[in-house]
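Chains, contacts and geometry: an overview
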Amino acid sequence: MKKRKIIDLPKPTLELLARCAAVLKPPPALTLSEWADRYRVLSAESSAEPGRWHTDKAPYQREIMDAIGDPHIRKVVIMSAAQIGKTDAFILNPLGYYMDYAPAPILVMQPTLDMGQTFSKDRLAPMIRDTPELRDKIDVKSRYSGNTIMKKNFPGGHITIVGANSATGLASRPIKVLLADEVDRYPASAGTEGDPLSLAQKRQTTFWDKKTVIVSTPVIKGQSRIETEFNQSTREEWNVPCPECGEYQPLVWANVVFDKDDPQGEVLYKCERCGVVNGEYKWKQASKRGRFVPENPGAEARGFHLNTLASTFCSWKEIVQKFLVAKEQLDQGNPEGMKVWVNTELGETWEEQGEQVEDAALLNRRELYDADVPEGVLVLTAGVDVQDDRFEVEVVGWGIGKESWGIRYQKIYGDMLKEQVWQDLDNFLLGGFKKKDGTVLHIMSACMAQRSKGRCRQERHGRREERRRHRRRCGQAGRVHGRDQVHGQEAVKEEKEHEYGFGKKDLFHPAGLPDRR
Ligand SMILES: Nc1ncnc2c1ncn2[C@@H]1O[C@H](COP(=O)(O)OP(=O)(O)OP(=O)(O)O)[C@@H](O)[C@H]1O
Ligand SMILES: [Mg+2]
Ligand SMILES: [Zn+2]
């Protein structure tokens, strides 16, 4: 059937009406990550791969972005390692989404005024320039638009950028959306006005549907804003299925396997459940099916934690190399490198030495044993340190929940080149330790720190048979975990000594470092 023309309008008028209809048409319903995938363009100034945004490149960003875009969620907290896309995915994408989809008055807070300016010039302005959906919304040309570096007006709202060190920007108009970046770098007080984060949040009180996004790499335990916020949230950890058995698990540093003597070697990861070790590629492929698992699902605020093991922008080898440098500095008494590593790679706070257990408190926690071995001990292990003229052996008892007791610290002196001292060591390791009821426990496994490789190793080669005998008699050697003097400090390095049958190559694990699980 032929269409009947109702009114005969001139062509330009028809085109105008068509354009009006297109503008008035409601936008398609998109989540924040869908918005980013459809419209966001990465700028050359700040991205190694400028061009279209792809959330698939960093799958862990999706759920977080969608929580930010969800109008039913009031607060989203992200505590994470550095360089995982915090500013791009959780500050800039929401800005674009709000400008384009849900206009509102928005406040972006950076640690300082200078950092606010840099953020505006280097990150926000290029995003607006390169993302066609945003370009027309902000008038950067007219001097009557009221737009400045720290303030951008758009239809239905504005973006105000402030530094947490300056109270000036904090004391004006109400805001609905607060995007606070790197909060652990904020000063305690904005000028003399008080906590900058609280000041900013006060400005949201008139909005029932306000939104607060708090993002940071954590810094020092006890002074960390982001950790406090995260602890009160749902505490969601990124879980990845094992490429072998499919078990979902968080990627934790304790299960990273590497050869400390070969920083260029392959870095592997051991499954928590099946124990199968796989390379980075397989785990990162599996990460595409990853999901966040909450520890505290009842909390109102959504909180997410991410370490760099999940990051698609950084290789495990780099993480291990940085760790080895930091560890060397730590062994020389300088903790600064390790502090940065824990913050920026694990995305966890660093506990300052001075805040750890006081001497007196430690002393008061001593227990008197009623036998060589207290009742709770189930297994004995020994760590042997090789010095030029002696072995220093520490025997440790282990109970349920990895509770540990110091049982004996024995120095065995002798000439390392002579047979006698090795015989004495064997005799000591093969000896028994009594419990109160007369039961005798033997050392189940022992490890030996590998010192001055050249010399000691040659000497020990000749002794390998004896070590094997020892193993047969004492049971299969296992890995000795690092442990604390009183459930706490001074981690013992986990080293595998091949004469004692601890594996093919020496593996080093950073025992004693925080293990978020
Ligand atoms: N989904 C993505 N696709 C492509 N590139 C991305 C993606 N997410 C982040 N990036 C890029 O990763 C780099 C780091 O991002 P960003 O600066 O947002 O990280 P950050 O966690 O805020 O870092 P910092 O801890 O240094 O502040 C940037 O170059 C950014 O463009
Ligand atoms: Mg950032
Ligand atoms: Zn597995």
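Computed from a predicted model, the values in this text were never measured in an experiment.

Reading guide: rules and limits
- Residues numbered from 1 in each chain as written.
- Chains lettered and ligands numbered in written order.
- Predicted model: local features only at pLDDT ≥ 70, side-chain atom pairs only at ≥ 80, totals over all residues.
- Buried ≥ 20, exposed ≤ 12 C-beta atoms within 10 Å, placed from the backbone.
- Helix = DSSP H or I, 4+ residues; strand = E, 2+ residues; numbered from the N terminus.
- Arc of directions from axis to C-beta.
- Contact = placed C-beta atoms within 7 Å.
- Near = placed C-beta within 6 Å.
- Nonpolar A, V, L, I, M, F, W, Y, C, P; charged D, E, K, R; others polar.
- Pairing = 2+ DSSP bridges.
- Axes fitted to C-alpha atoms, helices over the stretch in contact; angles between N-to-C directions.
- Expected span 1.5 Å × (residues − 1).
- Core = buried A, V, L, I, M, F, W, Y, C linked by C-beta atoms within 7 Å.
- Domains from an automatic or database assignment.
- Parallel < 35°, antiparallel > 145°, perpendicular 65-115°, else oblique.
- pLDDT = per-residue confidence, 0-100.

Let's shift gears to helix H2 (residues 32-39). Every buried residue belonging to H2 is among Leu32, Ser33, Trp35 and Ala36, and all of these are buried. Within H2, the buried residues cover an arc of 155 degrees as seen down the axis, which keeps them to one side. Tucked inside the fold, the buried residues of H2 contact helix H3 (60-69) and helix H4 (86-100).

Every one of the 21 residues lining ligand 1 counts as a neighbour, but Ala82, Gly85, Lys86, Thr87 and Asp88 are closest to it. Here the shell around ligand 1 gets 4 residues from one element, more than from any other, and that element is H4. A class-by-class count of the residues in the shell around ligand 1 yields 8 nonpolar, 9 polar and 4 charged.

What follows concerns the sheet that holds strand S19 (residues 432-434). Consider a sheet: its strands pair through backbone hydrogen bonds, and that pairing is either parallel or antiparallel. Here 5 strands make up an open sheet; going across it, the order is S18-S17-S16-S20-S19 and the pairing mixed. What marks the edges here is a single partner per strand, and that holds for strand S18 (404-413) and S19. Each adjacent strand pair in this sheet contributes to an overall mean axis angle of 30 degrees, direction not counted. Where strand S17 (residues 390-398) and S18 come together, 9 bridges link them in antiparallel fashion. What sits directly across from glycine 397, in S18, is tryptophan 405. Contacts from helix H13 (residues 419-430) reach strand S16 (379-386), S17, S18 and strand S20 (440-448), with the element oriented near 160 degrees to S18.

The terminal C-alpha atoms of H13 lie 17 Å apart, and with 12 residues this matches the ideal 16 Å at 1.5 Å per residue to within 8%. Taken together, the buried positions of H13 are occupied by Trp422, Leu425 and Leu429. In a view along the axis of H13, the buried residues occupy a sector of 55 degrees, so they form one face of it. In H13, the exposed positions that point more than 90 degrees away from the buried face belong to Gln420 and Asn427.

Turning next to the nonpolar core. The biggest cluster of nonpolar side chains holds 79 residues, and the ones touching the most others in it are Ile64, Phe90, Leu95, Ile106, Leu179 and Ala180. Ranked by the residues each element gives to this core, the list is headed by H4, at 8 residues. Composition of this core by domain shows at least three residues from each of domain 1 (28-231) and domain 2 (315-351). Apart from residues no more than four positions distant in its own chain, isoleucine 64 is found in contact with Val76, Ile78, Ala89, Phe90 and Phe304. In terms of nonpolar packing, the next biggest core, distinct from the first, is built from 18 residues, Val393, Val395, Val396 and Cys447 among them.

What follows covers the sheet that holds strand S12 (residues 268-270). Strand order across the open sheet formed by 3 strands is S11-S12-S13, with antiparallel pairing between neighbours. The sheet is open, and its two borders are formed by strand S11 (256-257) and strand S13 (277-279), each paired with just one other strand. Where S12 meets S13, 3 bridges bridge the pair, whose relative direction is antiparallel. Each residue of the ladder has a partner; that of lysine 270, found in S13, is valine 277.

So, on to unusual backbone geometry. A positive phi angle is found at arginine 235, which is not glycine, with a value near 50 degrees. Here arginine 235 lies in the loop between helix H8 (225-231) and strand S9 (236-241). Overall, arginine 235 belongs to the buried group, with 22 C-beta atoms counted inside 10 Å.

Let's shift gears to the packing of H2 against H4. The geometry of a pair of packed helices is captured by two quantities: the angle between their axes and the separation between those axes. One can describe the packing of H2 onto H4 by two numbers: an axis separation of 10 Å at closest approach and a directional angle of 90 degrees. In terms of their interaxial angle, H2 and H4 are classed as roughly perpendicular. Mapping the contact onto sequence places Leu32, Trp35, Ala36 and Tyr39 in H2 and Asn93, Pro94, Gly96, Tyr97 and Asp100 in H4. Here the residues of the contact of H2 with H4 are counted per class, giving 6 nonpolar, 2 polar and 1 charged.

Attention now goes to the environment of glutamate 375. Mapped onto the elements, glutamate 375 comes out in the loop between helix H12 (359-364) and S16. Put simply, glutamate 375 and aspartate 437 are 62 residues apart on the chain and 8.8 Å apart in space, counted from C-alpha to C-alpha. Sequence-distant contacts of glutamate 375, that is, excluding residues within four places in its chain, are made with Lys435 and Lys436.

For the chain, mean pLDDT is 84; residues scoring 70 or higher make up 81% of the total. Scored below 50 in pLDDT, residues 452-517 shows 109 contacts in the model against residues more than four places distant or in partner chains.

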